[in-house]
Amino acid sequence: MARGRLRIYLGAAPGVGKTYAMLAEGQRLRARGADVVVGFVEPHGRRPTAAMADGLETTARRTLSHRGALFTEMDLDAVLARRPRVALVDELAHSNVPGARNAKRWQDVEELLDAGIDVVTTLNVQHLESLNDVVRQITGVTQRETLPDEVARRADQIELVDLPPEVLRRRMVHGDIYPPDRVESALTHYFRVGNLTALREIALLWLADRVEEGLQRYRAEHGIVAPWETRERILVSLSGGSEGETLIRRAARISARTPGTELLALHVVLEDGLADVDPAVLDAQRTLLESLGGSYHQTTGEDVVDALLQFAEAENVTQIVLGASRHGRLASLLRAGVGERTIKGSGPIDVHIVTHREAAGAAVLRLPHPSRGTGPRRYWAALVGAVVLLPVLTLLLTAVGGHLDLSSDLVIYLLAVVVVALVGGLYPALLAAIAAALLADYYFIAPVHSLAIARPDAITALVVFIATAALVGTAAGTAAQRTHQAVRATSEARALSRLAAAMMRGQDLTALVEQIRENFGLSAISLLERDPEASPVPRWYVVASAGERPPEKPYEADVESPVDDNLTLAARGSGLSTGDQRVLAACAAELGLAHVRGRIAGSSDGTDTFADAERTRASLLLAAGRDLRAPLHTAEEALVRLRSRRAGATVPEEAQLLVGAHAAVHRAAQLVTDLDDVSRLHAGALDLYLRPVDLNEMLGAALDDLGPGGHSIILRLPEQLPDVIADAALLTRALTALGADALRHSPSDRPPVVTAEVQVGRVRIRVEDGTPDRGPEPGPEASRAPGPRAGSLAVRLSRDLAEAMGGALETAADGPGFSVMLTLPSSAPGGSATSGRNE
């Protein structure tokens, strides 16, 4: 039986419309005559989603009991017995109730697919197992229900259901995703714009990777080797030389010209391991590459060009950036350079040859250092050994006299040359071979005790001996060099791995510094940090130290390895070789990372505590607002009814008390409303519709919202007042809040005054009352500290609303009263303000 096909509707967050799209696909298939059955759909109370399921056959759910509660799950046996052509199964990552046949719904789906039933399902990207930790870092929420990535990768078709974060939040505000009691919490936490944007990017990138996998699979199945320029991929070849930074920057400029271009870099390590590459140079180039958005790769091969082209074909590279050859003309005549050979074998891949300061022209033939690979000690030991060994062998061979012929003598000399090569490498072996040939000629070839050679066959024997000794010495020296490099690399890697493992186990800096001191055999070592504020004389502090009398200043150390401008590793002890100093620099860099990570961890604890407190405070305020709104509304209605019944009462004191109680309850309800508006505004949940509005109408609407009161408000408006760019509802809300606050604080003989002033490109509205803002006591900071009126809830709400509309709000306590200036952009330029009417 053919396996069924799996189709997944993927979304970045709940509410994007995955279930609706799945049901719409089911309706489309049913209209085309396919046998479609709803195995399980959860509309979450969304009426459009539930309406889309009308007309589709639905299998009954299975009821399970767990911990005294009843739950419903998909009845897998019923769907298998029905055997539809297509089954619609919602929430692929769902965990079944204990007692079901399978623990996960995706396992139920696997059984349906094995039975030959096509399945259409839904999935949120945060439920993928590989992305679980990433989503937790972004949203702060740990997803309990996860799905193995391989299950989603095996899907025959994945379709992204996408919505912009602003649209998704608007749907949340309108109640299209969660019930009303969960809206505020969701908007404040999980459904923040940043979270939704990050989840959306993760979903797009994950799906793009699946598309790339499908493309590579298709190319492999059809034997397509030539690159397809579906996306520009630029590859930089890094040899380990100083020109690498030039190549990386050049490739980055090429990449920046085409959006969506991928930048890669490759370093080929030759299998013989003899390339002289400084790891510190490669690390610096890798850091530069990653800072420019590229990715670093490393591979091993017998030939640089072959490995480079194989990697380019595997990664579908479209352009290769190489450095100009550093070999001179003579070397180019003997063998084509890397650039020339790459161009010949690149095929459709474009190759850029970039010039640099190390390019050929000024290059000269450089011989390797005689002691490189084996070390100076072994090099000089081999020379001393040759000086001692060859005369001793000559004496022994002279003593045995005629018992050995010339060929035997040369073989014994060859053995000595091999021993010298194993100890010191090629150059001591060549010197030993020449010296052995001269000794053999002088003592064993006629005429004896003369460098002259009478017989031609003796000349041939000496030439063959020298050539054989050179070849054997080269092989032996190469083997010794490789062995020495391998041993050294192993020891360096072991030291770095031990340090990295200690860092992963969370050891403190003192233990790490002690481990470095033991690895390098140092007498004392210190990690020093410079005070950046100390000038002009630097001041150093010991962060961690080990050993006797550790250095407290960099100049007190025998060896110094800077980490950055303010951090350095200072050591005292026997002199270190260049290789040891390179490894010590790598250890210093790891110590610097551990030091920075410790600081970040320390600061993050305080930050997390503060963030938790802020979240708790916001949640409490939202909960308090929801809990207070209903009883305050009930109390206000009761007071209104009681007041209406007591309207004809003869007790004026009772009526006055009812009026005061009603005003107090109304004020409390208004405070709760203001608090709720501020919370919703900070959460980004208020819709904003900016357009030209008539300021006269907005002021009139604000006066109507204030209702009848015991105070009047004086309006001083110019005759020609231009429209302002604002949201009509939010502007009315701000003006009402400012007017109510001014009325509440104004004495009866000094009513608030609202003045409008037309300026170039904007309109300034000033609300002034006769009560000064009682700020802090006089002092040096008094002029900068705001008073209580400037930080009141009404002023804060109005300021937030004004800033949301592109305006500004300022407060002032100059003179006898307190004033607020609300500035909004004008729809047309205007002149200066003129006096107007009073109301």
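The structure we're discussing is the one just above.
Residues numbered from 1 in each chain as written. Predicted model: local features only at pLDDT ≥ 70, side-chain atom pairs only at ≥ 80, totals over all residues. Heavy atoms only, no water.

### Brief notes about the overall build of the protein
What counts is decided by this rule: To qualify as a helix, a DSSP run of H or I must reach at least 4 residues; to qualify as a strand, a run of E must reach at least 2; elements of each kind are numbered from the N terminus. We call a residue buried when its accessible area falls under 20% of the maximum for its residue type, exposed when it is over 50%, and partly exposed in between, using a 1.4 Å probe and counting protein chains only. Every residue pair with non-hydrogen atoms within 4.5 Å of one another is taken to be in contact. Here the open area of atoms and residues is found with the Shrake-Rupley method and a 1.4 Å probe, where only the protein chains shown may cover a residue.
Each helix and strand counted, the protein has 24 helices and 24 strands in total. In the protein, which comprises 839 residues, the proportion classed as buried is 39%. Counted over contacts in the protein with a minimum sequence separation of 6, partners at least 24 positions apart contribute 71%. Within the structure as shown, the protein displays about 44800 Å² of accessible surface, and the carbon and sulfur contribution to it stands at 56%.

### Some details on the pairing of strand 21 (residues 753-759)
The following threshold applies: We treat two strands as partners when DSSP finds at least two bridges between them.
When you tally the buried positions in strand 21, you get five out of seven residues, the bulk of the element. Strand direction decides the pairing type here: strand 21 and strand 22 (residues 762-768), joined by seven bridges, are antiparallel. Within the sheet, the bridge partner assigned to Val 754 lies in strand 22 and is Val 767. Between strand 21 and strand 22, which pair antiparallel one after the other, the connecting turn spans two residues, and Gly 761 there sits at a positive phi close to 80°.

### As for helix 17 (residues 426-444)
Residues lying three or four places apart along an α-helix face the same way, a consequence of the helix completing one turn every 3.6 residues. We apply this condition: One fewer than the residue count of a helix, multiplied by 1.5 Å, yields its expected span.
Taking 1.5 Å per residue, 19 residues should reach 27 Å; helix 17 reaches 26 Å between its end C-alpha atoms and fits that length. Residues of helix 17 that are buried include every one of Pro 428, Ala 429, Ala 432, Ala 433, Ala 436, Ala 437, Ala 440 and Asp 441, and no others.

### Observations regarding the nonpolar core
What counts is decided by this rule: By convention a nonpolar core is built from buried Ala, Val, Leu, Ile, Met, Phe, Trp, Tyr and Cys residues, the set being connected through side-chain atoms within 4.5 Å.
With 58 residues, the main nonpolar core has Leu 88, Leu 112, Leu 123, Leu 128, Leu 147, Met 172 and Phe 191 as its most contacted residues. It is helix 9 (residues 193-221) that provides the largest number of residues to this core, a total of five residues. If we ignore the near neighbours within four places in the chain, the residues touching Phe 191 are Pro 14, Leu 168, Arg 169, Met 172, Ile 177, Tyr 178, Ala 186 and Leu 196. Counting 35 residues, the second largest nonpolar core, distinct from the first, contains Ala 756, Val 763, Leu 797 and Phe 818.

### Remarks on the environment of Pro 718
Note that Pro 718 resides in the loop between strand 19 (714-716) and strand 20 (724-726). Each C-alpha atom, one on Pro 718 and one on Glu 757, is 7.4 Å from the other, the two residues being 39 residues apart in sequence.

### Describing the sheet that holds strand 19
The cut-off we apply is this: Geometry is summarised by axes, namely lines fitted to C-alpha atoms with helices restricted to the contacting stretch, and by angles between N-to-C directions that run from 0 to 180 degrees.
Judged by pairing direction, the sheet is mixed, and its five strands sit side by side in the order 19-21-22-24-23 without closing on themselves. In the strand order of this sheet, the two ends are held by strand 19 and strand 23 (808-812), each with one partner. Neighbour-to-neighbour, the strand axes of the sheet open up by a mean angle of 15°, direction not taken into account. Contacts from helix 23 (residues 728-745) reach strand 22, strand 23 and strand 24 (819-825), with the element oriented near 170° to strand 24.

### Notes on the pattern of salt bridges
Pairing between side chains of opposite charge can happen when their charged atoms approach one another. Stated precisely, the cut-off is as follows: The working definition used for a salt bridge is a side-chain nitrogen of Lys or Arg within 4 Å of a carboxyl oxygen of Asp or Glu.
Counting across every chain of the model gives 22 salt bridges. Across the pair Arg 5 and Asp 156 runs a salt bridge, and its minimum N-O distance is 3.9 Å. With a gap of 151 residues between them, Arg 5 in the segment before strand 1 (6-11) and Asp 156 in the loop between helix 6 (149-153) and strand 8 (157-161) connect regions that are remote in the sequence. Note on Arg 5: relative accessible area 48%, which makes it partly exposed. For Lys 344, the salt bridge goes to Glu 340, with nearest N and O atoms at 3.5 Å. You can see Lys 344 and its partner Glu 340 sitting in helix 14 (residues 338-345), four residues apart, about one turn around the helix. Relative accessible area serves as the criterion here: at 65%, Lys 344 is assigned to the exposed category. With a relative accessible area of 42%, Glu 340 lands in the partly exposed category.

### Quick look at the side chain of Thr 139
Here is the rule: What qualifies as a polar contact is a pair of N or O atoms within 3.5 Å, subject to a donor-acceptor requirement within protein and to the restriction that residues adjacent in sequence count only when both atoms come from side chains.
Within the secondary structure, Thr 139 sits in helix 5 (residues 132-139). Judged by relative accessible area, which is 10%, Thr 139 ranks as buried. Separated by 2.8 Å, the side chain of Thr 139 and the backbone oxygen of Val 135 make a polar contact. Excluding residues within four positions of it along the chain, Thr 139 makes contact with Tyr 190, Asn 195 and Leu 199.

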